[in-house]
Amino acid sequence: MASRGSMIPELEKMSAEQLKSIKEQTDLEVNLLQDSLNNIRTATNRLDLASTALHDLSLRPQGKKMLVPLTASLYVPGTLDDSEKVLVDVGTGYFIEKTMGEAKNYCERKINLLKSNYDQLLEVTSKKKNIADEAGVVLQAKMKQLAGAS
């Protein structure tokens, strides 16, 4: 299949059943890619919030009383011992102790990686959507042609 430009000439050679199958498959792929884009956007937002929280934490004095989040909705009272060392969640329940600078750097690197992945995935999604749209146009033309021949 053509990798650039319109795929309509190749699609016109296919039967209506093949076109319908291609359209359904690419529509499914587009939906899965959209879900992945949403997941990346959510992860990026969480890392942005974590980066902001690190900045806010670095401004607090040692011994400051605060609420510590255990979950998204459960907080317990605590006292800030050392704002220069933090635990960073690196996934699957693993935490690594890092300095404040290292933690901020970690968040920024992850955000940049996610944004890069998002841009690449957005490009793939756009190409798949174009293929689905072209298959739909050719399928409609074939269906009209078949209806006119009947």
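Presented here is a report on the structure given in the accompanying data block. None of the values given here were measured: they were computed from a predicted structure. (Residues numbered from 1 in each chain as written. Predicted model: local features only at pLDDT ≥ 70, side-chain atom pairs only at ≥ 80, totals over all residues. Heavy atoms only, no water.)

1. Describing the environment of Leu70
Here Leu70 shows up in the loop between β1 (65-69) and β2 (75-79). The spacing of Leu70 and Lys104 is 34 residues in sequence and 21 Å in space, taken between C-alpha atoms. (Helix = DSSP H or I, 4+ residues; strand = E, 2+ residues; numbered from the N terminus.)

2. Looking at the side chain of Thr44
As for its placement among the helices and strands, Thr44 is situated in helix α2 (residues 16-59). Separated by 2.8 Å, the side chain of Thr44 and the backbone oxygen of Ile40 make a polar contact. In this view, Thr44 contacts Ile111, Leu114 and Lys115; residues no more than four positions away in its chain are not counted. (Polar contact = N/O pair within 3.5 Å; in protein donor to acceptor, adjacent residues only side chain to side chain. Contact = heavy atoms within 4.5 Å.)

3. Quick word on the nonpolar core
Counting 16 residues, the largest nonpolar core has Leu54 and Val86 as its most contacted members. Within the residue set of this core, elements represented by two or more residues are α2, β3 (85-91) and α3 (100-149). Not counting residues up to four positions away in its chain, the partners in contact with Val86 are Leu54, Leu57, Ile96, Glu97, Lys98, Thr99, Met100 and Ala103. One finds Leu11, Met14, Ala135 and Val138 within the second-largest nonpolar core, a separate group that totals 8 residues. (Core = buried A, V, L, I, M, F, W, Y, C linked by side-chain atoms within 4.5 Å. Buried < 20%, exposed > 50% of the residue type's maximum accessible area, 1.4 Å probe, protein only.)

4. Notes on the packing of α2 against α3
At their nearest, the axes of α2 and α3 sit 7 Å apart, and the two run at 160 degrees to each other. Between α2 and α3, the interaxial angle falls into the category roughly antiparallel. Handedness of the α2/α3 crossing: left-handed. When grouped by side-chain class, the residues that make up the contact of α2 with α3 number 28 nonpolar, 10 polar and 13 charged. (Axes fitted to C-alpha atoms, helices over the stretch in contact; angles between N-to-C directions. Parallel < 35°, antiparallel > 145°, perpendicular 65-115°, else oblique. Left-handed = near helix turned anticlockwise from the far one by under 90°. Nonpolar A, V, L, I, M, F, W, Y, C, P; charged D, E, K, R; others polar.)

5. Some words on a nonpolar patch on the surface
Residues Val68, Leu70, Leu74 and Val76 make up a contiguous nonpolar surface patch of roughly 310 Å² in combined accessible area. Within the element layout of this structure, Val76 appears in strand β2. (Patch = residues over 30% accessible without salt bridge, like charges linked within 9 Å, V, L, I, M, F, W, Y side chains within 5 Å. Areas by Shrake-Rupley, 256 points an atom, 1.4 Å probe, with all protein chains shown as cover. Salt bridge = Lys/Arg side-chain N within 4 Å of Asp/Glu carboxyl O.)

6. What to know about α2
The end-to-end C-alpha distance of α2, which contains 44 residues, comes to 65 Å, matching closely the 64 Å that a straight helix rising 1.5 Å per residue would cover. All of the buried residues along α2 are Ala16, Leu19, Thr26, Val30, Leu33, Leu37, Ile40, Thr44, Leu47, Ser51, Leu54 and Leu57. The inward-facing, buried residues of α2 abut α1 (8-12), β1, β3 and α3. (Expected span 1.5 Å × (residues − 1).)

7. A closer look at the environment of Ile96
Topologically, Ile96 is positioned in strand β4 (residues 94-99). Separated by 10 residues in sequence, Ile96 and Val86 place their C-alpha atoms 8.2 Å apart. The residues touching Ile96, leaving out its near neighbours within four places in the chain, are Val86, Leu87, Val88 and Val90.

8. Brief notes about the pairing of β3
Examined bridge by bridge, β3 and β4 share 6 bridges and lie antiparallel to one another. For Leu87, the partnering residue across the bridge sits in β4 and is Glu97. (Pairing = 2+ DSSP bridges.)

Such coordinate-based values are descriptive only and should not be taken to indicate function.
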